[in-house]
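# Results of the structural survey
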Amino acid sequence: MRRITRTVAALALAAAALTTVEAGGAGAADGAWAGCPSGAVCVYPQDQDPAVSPSDVYWSYGAHNLSGQYGHHWVLNNQTGGAHARLCRGSGGADCVYDISAPKGVYYDLGPINSITLDRP
């Protein structure tokens, strides 16, 4: 019972945090979240906190190589249907180290990250 209570409390806290980030974004009626369109994965400029306007928007499934991304960035997974995004150390989606389910985001140091994958559910 305690485990269920802790899980429910953690989910409520996570939902509150996501709502705080979402409330700052315009266009929420069309599914956009902090400027990230519904169905996309977005990377925001270094140290932009809170996330407001993405610098990169990815739509297609598969690996997307990054270049020139250093320091901390928000990465928001606003895909639909249970799709995931993964942050990977290698190019072409190799050596993935962080999984982002939708609709969630992470403030992450992209220095060691060389690619992002968008994965079907």
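Overview of the structure. (Residues numbered from 1 in each chain as written. Predicted model: local features only at pLDDT ≥ 70, side-chain atom pairs only at ≥ 80, totals over all residues. Heavy atoms only, no water.)

## Some details on unusual backbone geometry
In terms of backbone geometry, most residues other than glycine have negative phi values and most peptide bonds are trans. Note the threshold: Note on conventions: DSSP H or I runs of at least 4 residues are helices, E runs of at least 2 residues are strands, and numbering of each starts at the N terminus.
Between D49 and the following residue, P50, the backbone shows a cis peptide bond with an omega angle of 15°. Take P50: it is sitting in the loop between β1 (41-43) and β2 (56-58). A cis amide bond links A102 with the next residue in sequence, P103, at an omega value of -10°. For P103, the location among the structural elements is in the loop between β6 (96-100) and β7 (104-109). Here A34, not a glycine, exhibits a phi torsion of approximately 55°, which is positive.

## So, the pattern of salt bridges
For the record, the criterion: For this document, the term salt bridge refers to a Lys or Arg side-chain nitrogen within 4 Å of an Asp or Glu carboxyl oxygen.
This structure, assessed with the given rule, holds 2 salt bridges. A salt bridge links D119 to R86; the nearest nitrogen and oxygen atoms lie 2.8 Å apart. A residue pair is termed long-range when its members are at least 10 positions apart, and D119 in strand β8 (residues 115-119) and R86 in strand β5 (residues 84-88) qualify at 33 residues. In this structure, R89 and D95 form a salt bridge, with 3.9 Å as the shortest nitrogen-oxygen distance.

## Re the state of the cysteines
Convention followed: By convention in this document, the label disulfide applies to cysteine sulfur atom pairs within 2.5 Å. We call a residue buried when its accessible area falls under 20% of the maximum for its residue type, exposed when it is over 50%, and partly exposed in between, using a 1.4 Å probe and counting protein chains only.
This structure, assessed with the given rule, holds 2 disulfides. Covalent S-S linkage joins C36 and C42, the inter-sulfur distance amounting to 2.1 Å. Between C36 and C42, the S-S dihedral sits near 85°, and the bridge is therefore right-handed. In this model C88 forms its disulfide with C96; the gap between the sulfur atoms is 2.0 Å. Because the sign of the S-S torsion sets the handedness, a value of about 70° for the bond joining C88 and C96 places this disulfide among the right-handed ones. A relative accessible area of 0% means that C88 is categorised as buried. Here the protein chain pairs its bonded cysteines, counted in sequence order, in the arrangement 1-2, 3-4.

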